[in-house]
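# Observations on chain architecture
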Amino acid sequence: MIPSSQSRRTFLRGLGCSVAASPFLTPVTFASGNWDNRLVVIILRGGMDGLDVLRPYGDTAFAGLRGRAAQAEMGTEDSPQDLDGFFALHPALAGLMPLWQAGELGFAHAVSTPYRNKRSHFDGQDLLEAGSASVSGVARDGWLNRLLQSYAGTSSETAYAVGRSDMLLMKGAAQVANWSPDAGLYGLSEQGARLAHHVMQNDPLFEAAFAEAEMLSGETSGMLMGDDDAGQMMTTMTQNARKASKGGGHKQIAEFAAGKLRGDSRIAAFSLNGWDTHANQRRALVRPLNRLGEVVSTLKQELGEDVWGKTAVVAMTEFGRTARLNGNNGSDHGTGGLMVMSGGALRGKRVWADWPGLDEASLYQRRDLMPTRDVRAYSGWLMRSLFGFDKGLLETAIFPGLELGDDPRLLA
């Protein structure tokens, strides 16, 4: 029995959490190319407080900022998270200290996109992922996709977008592959797979989506069904999709990304949420920092020594937060922020910063950390060092309106 058009729509909605999760829900993206180095880009959505994550206790004005005294207290040259006598790492990232000691962890502080003043998450993230110079006329493709468009020989397996939310970072003319932790087919039987193909054969969009989900999950057995039992198939797949969505997470994303990067893929991109800490920041920041630390550690472990040695990981956020904490012991949307970089290819164990100071006159609009370098400049130099891109191409096609400035020598 062929399902009616109404039951077909119901059937496809039932597949929505599983099959369609691959092309339409894309927190992680990948790409492959002719180069040997690897790049992982992590978007930290919500505006991470860089002053809390990497605490400038060596700046005497830091402890005098409202709410920052307790953060400054942990900063001494004898503290476990002291980095260089000026900056100390948040305790929730203590697990990454061995990477710092090995020269595989570094930070760029007092950085920002060109976005100023309005401090909208939506505009800030669009500008970060598009790589544009202003919100007005922001490019509708992402800078990683433009990078792929500028390099011959890439394929959809060169780059992957991983996760459950769409990424402007990877959108554009160049093909990329997408994966979500709940993109599996959850034990779909051979009969069920044939039924799904039959239902979708006249709909190229869903047929392509189903084919990609099959490829990513590699699952074709485990659920006994009749050929015509579309309703049971829909119910079982929906239930399993819900289970998978609860069980999926940041470690699963990192493991999948590492598996692809051990093969032909060269670029992976995904997001980590939870950085909008308007209240009770002391507690609220711990969970996303734990996730970030676990993602970096999982990537290192799963990539293996050889591939990790050719890999750079960069985590960036749409803007920083206010220098002073608010009345709810949180922080509000600000300007200057922090980039976190890691990987065996990194020339780490350093903080790249033209430090602006935290006294009243040095703050941006007397409220935020003053940005002293464009976050796109560090990204551009990373592209140039990893993949050999021309400086002029980076300043025009990849990051329009950017001046790269001096080479920070990010790679070993």
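Here we summarise the structure given alongside this text. (Residues numbered from 1 in each chain as written. Predicted model: local features only at pLDDT ≥ 70, side-chain atom pairs only at ≥ 80, totals over all residues. Heavy atoms only, no water.)

### Quick notes on the overall build of the protein
- Looking only at helices and strands, the protein has 15 helices and 12 strands in total.
- Split into buried and exposed, the 412 residues of the protein put 57% on the buried side.
- For the protein, long-range pairs separated by at least 24 residues make up 78% of all intrachain contacts whose partners lie at least 6 apart in sequence.
- Summing over all exposed atoms, the protein offers an accessible surface of approximately 16400 Å²; the carbon and sulfur share of this is 48%. (Helix = DSSP H or I, 4+ residues; strand = E, 2+ residues; numbered from the N terminus. Buried < 20%, exposed > 50% of the residue type's maximum accessible area, 1.4 Å probe, protein only. Contact = heavy atoms within 4.5 Å. Areas by Shrake-Rupley, 256 points an atom, 1.4 Å probe, with all protein chains shown as cover.)

### Quick look at helix α6 (residues 121–130)
- Summarising burial for α6: seven of the 10 residues are buried, a large majority.
- Every buried residue of α6 is accounted for by His121, Gly124, Gln125, Leu127, Leu128, Glu129 and Ala130.
- If you follow the buried residues of α6, they end up packed against β2 (38–44), α7 (143–149), β9 (311–317), α14 (375–387) and α15 (391–398).
- A distance of 3.2 Å separates the backbone nitrogen of Phe122 from a side-chain oxygen at the start of α6, and that oxygen is part of Ser120.
- Just downstream of α6 lies Gly131, where phi reads positive at about 75 degrees. (Polar contact = N/O pair within 3.5 Å; in protein donor to acceptor, adjacent residues only side chain to side chain.)

### Quick look at the pairing of strand β10 (residues 337–342)
- Buried residues dominate β10, accounting for six of its six residues.
- Judged by which residues are buried, β10 turns out to be covered on both faces: Gly337, Met339 and Met341 on one side and Leu338, Val340 and Ser342 on the other are all buried.
- Here strand β5 (residues 105–112) pairs with β10 via six bridges, running antiparallel. Pairing of Ala108 across the sheet is with Met339, part of β10.
- Summarising the sheet, β9 and β10 pair through three bridges and their orientation is antiparallel. By the bridge assignment for β10, Ala315 is matched with Val340. (Pairing = 2+ DSSP bridges.)

### Brief notes about the pattern of salt bridges
- All chains considered together, the criterion is met by 15 salt bridges.
- Measuring nitrogen to oxygen at the nearest pair gives 3.0 Å for the salt bridge that ties Asp49 to Arg68. Remark: Arg68 occurs in the loop between β3 (54–55) and α4 (69–73) and Asp49 occurs in the loop between β2 and α3 (50–53); sequence separation between them is 19 residues.
- Judged by its relative accessible area of 0%, Arg68 is buried.
- Of the charged contacts in the structure, one is a salt bridge between Glu360 and Arg324, with a shortest N-O distance of 2.3 Å. Of the two residues, Glu360 is situated in the loop between β11 (350–352) and β12 (373–374) and Arg324 in the loop between β9 and β10; the sequence distance between them amounts to 36 residues.
- Through salt bridges with shared partners, a single ionic network connects Asp36, Arg38, Arg266, Asp306 and Lys310. (Salt bridge = Lys/Arg side-chain N within 4 Å of Asp/Glu carboxyl O.)

### Looking at the packing of helix α11 (residues 250–261) against helix α13 (residues 286–308)
- It is the contact of α11 with α13, at a shortest axis distance of 9 Å, that shows an interaxial angle of 25 degrees. By the criterion of interaxial angle, the relationship of α11 to α13 is roughly parallel. As for the relative orientation of α11 and α13, their crossing is right-handed in sense. The residues of α13 that touch α11, namely those facing His250, Lys251, Ala254, Glu255, Ala257, Ala258 and Leu261, are Arg291, Glu294, Val295, Thr298, Leu299, Glu302, Leu303 and Val307.
- Looking at the contact of α11 with α13 residue by residue, the class counts come to eight nonpolar, two polar and five charged. (Axes fitted to C-alpha atoms, helices over the stretch in contact; angles between N-to-C directions. Parallel < 35°, antiparallel > 145°, perpendicular 65-115°, else oblique. Left-handed = near helix turned anticlockwise from the far one by under 90°. Nonpolar A, V, L, I, M, F, W, Y, C, P; charged D, E, K, R; others polar.)

### Structural notes on the environment of Ser150
- Structurally, Ser150 is set in the loop between α7 and β6 (155–162).
- With a relative accessible area of 31%, Ser150 lands in the partly exposed category.
- For the pair Ser150 and Leu393, spaced 243 residues apart in the sequence, the C-alpha separation amounts to 8.4 Å.
- Ser150 has contacts with Phe389, Leu393 and Ile398, leaving out every residue within four places of it along the chain.
- Here the side chain of Ser150 touches Arg146 through a polar contact of 2.9 Å, landing on its backbone oxygen.

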